[in-house]
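Observations on the three-dimensional arrangement
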Amino acid sequence: MEDLLIVIIRWLHVLSGVMWIGLLWYFNFVQIPSMPKIPDDQKPAIGKVIAPEALFWFRWSALSTVVFGLVLAMMNGYLVDALVLSNALIGLGMWLGLIMAFNVWFVIWPNQQKALGMVEVEADAKAKAARTAMLFSRTNTMLSIPMLFAMVAAQNMTL
Amino acid sequence: MKNPLESLPTTVVMGLVLTVAMVLLVRAIGS
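The structure presented is a predicted model; accordingly, all values stated were derived computationally and were not measured. (Residues numbered from 1 in each chain as written. Chains lettered and ligands numbered in written order. Predicted model: local features only at pLDDT ≥ 70, side-chain atom pairs only at ≥ 80, totals over all residues.)

1. Points about the overall build of chain B
What counts here: The numbering of helices and of strands both runs from the N terminus, where a helix is a DSSP run of H or I of at least 4 residues and a strand a run of E of at least 2.
Helix and strand counts for chain B come out as one helix and zero strands. The principal-axis extents of the C-alpha atoms in chain B amount to approximately 35 × 15 × 10 Å.

2. As for the overall build of chain A
Our working rule: We call a residue exposed when 12 or fewer other C-beta atoms sit within 10 Å of its C-beta, buried when the count reaches 20 or more, and partly exposed for counts in between; the C-beta positions come from the backbone.
Helix and strand content of chain A: five helices and zero strands. For chain A, the α and β elements follow one another from N to C terminus as α-α-α-α-α. Over its C-alpha atoms, taken along the principal directions, chain A stretches across nearly 55 × 30 × 25 Å. The buried share of chain A, taken over its 159 residues, is 35%.

3. What to know about helix α1 (residues 8-29) of chain B
Selection criterion: Helices are assigned an expected span. That span is 1.5 Å times one less than the residue count. Regarding the arc, it is the one traced by the directions from the helix axis to the C-beta atoms. With C-beta atoms placed from the backbone, a contact is any residue pair whose C-beta atoms sit within 7 Å.
Look at α1(B): 31 Å from first C-alpha to last across 22 residues, which is about the 32 Å you get at 1.5 Å a residue. Taken together, the buried positions of α1(B) are Thr11(B), Met14(B), Gly15(B) and Met22(B). Mapping the buried residues of α1(B) onto a view down its axis gives an arc of 105°, with all of them on the same face. Opposite the buried face of α1(B), by more than 90 degrees, sit the exposed residues Pro9(B), Val20(B), Leu24(B), Arg27(B) and Ala28(B). Elements in contact with the buried residues of α1(B): α4 (88-115) and α5 (123-156) of chain A. Of the residues one or two after α1(B), Gly30(B) is the one with positive phi, at around 85°.

4. A word on unusual backbone geometry
Residue and element names in this part refer to chain A. We note that Leu85 has phi near 65°; this positive angle belongs to a residue other than glycine. As for its position among the elements, Leu85 is in the loop between α3 (79-83) and α4. Note on Leu85: 17 C-beta atoms within 10 Å, which makes it partly exposed.

5. Topic: the nonpolar core
A general trend in soluble globular proteins is that nonpolar side chains are found buried together. Note the following rule: In these notes, a nonpolar core means any group of buried Ala, Val, Leu, Ile, Met, Phe, Trp, Tyr and Cys residues linked to one another through C-beta atoms within 7 Å.
In terms of nonpolar packing, the biggest core is built from 39 residues, with Phe58(A), Leu89(A) and Ala150(A) touching the most fellow members. With 12 residues, α5(A) is the largest single contributor of residues to this core.

6. Considerations on the environment of Leu8(B)
Topologically, Leu8(B) is positioned in helix α1. Excluding residues that lie within four positions of it along the chain, Leu8(B) makes contacts with Asn28(A), Phe29(A) and Pro33(A).

7. Let's talk about the packing of helix α1 (residues 2-34) of chain A against α5(A)
Residue and element names in this part refer to chain A. Stated precisely, the cut-off is as follows: Axis lines are fitted through C-alpha atoms, for helices just across the contact stretch, and the angle between N-to-C directions can take any value from 0 to 180 degrees. Should an angle lie under 35 degrees it is considered roughly parallel, over 145 roughly antiparallel, and from 65 to 115 roughly perpendicular; all remaining angles are considered oblique. Should the near helix be turned anticlockwise from the far one by less than a right angle, the crossing is left-handed, and should it be turned clockwise, the crossing is right-handed. Under this grouping Gly is polar, as are all residues other than the nonpolar Ala, Val, Leu, Ile, Met, Phe, Trp, Tyr, Cys and Pro and the charged Asp, Glu, Lys and Arg.
Where α1 meets α5, the closest approach of the two axes is 10 Å, and the angle between their N-to-C directions is 120°. On the basis of their axis angle, the class for α1 and α5 is oblique. Crossing angle aside, the handedness with which α1 passes α5 is left-handed. On α5, the residues that touch Ile21, Leu24, Trp25, Phe27, Asn28 and Ile32 of α1 are Met134, Ser137, Arg138, Asn140, Thr141 and Ser144. Taken together, the residues of the contact of α1 with α5 sort by class into six nonpolar, five polar and one charged.

Rendered as structure tokens:
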């Protein structure tokens, strides 16, 4: 019975993670590079409709990925070993994921609120917020590559 | 100087380099 529960938690962790990293890559591989090619009168469709909706699912799937991941590690009995890196591979993957989730909630989301006009700020602050959000989103894209390697390798091989 | 993270291909290459560095680190300290 506990085995089934562990499988279900792992499944929810992976489902959430696919949505999180899928949206992260959508922003970085599709939306950001496409913005300069979109006519100005059509940009509000992205800024006012698509981006806020994508950011909603992005930040909540980041949180649920972390929560289900921590529950999974606890149920499998390696949470502390991973966090102190005595179980190094899954531990590094977890720390990369935690850093990325922190970036989502405490850097990207507050700056996107300013950049998309959900929080009123002056034009200079708006431009600065958009750049900060973009650079931290890129940072997360970079970190997602070793993070996913660590997650997959920890389940499937011994280095 | 331009931030390397402004380029998507450079971001991906840096991610791959970090992956190799992480594997070497894990092999060095033991998994």
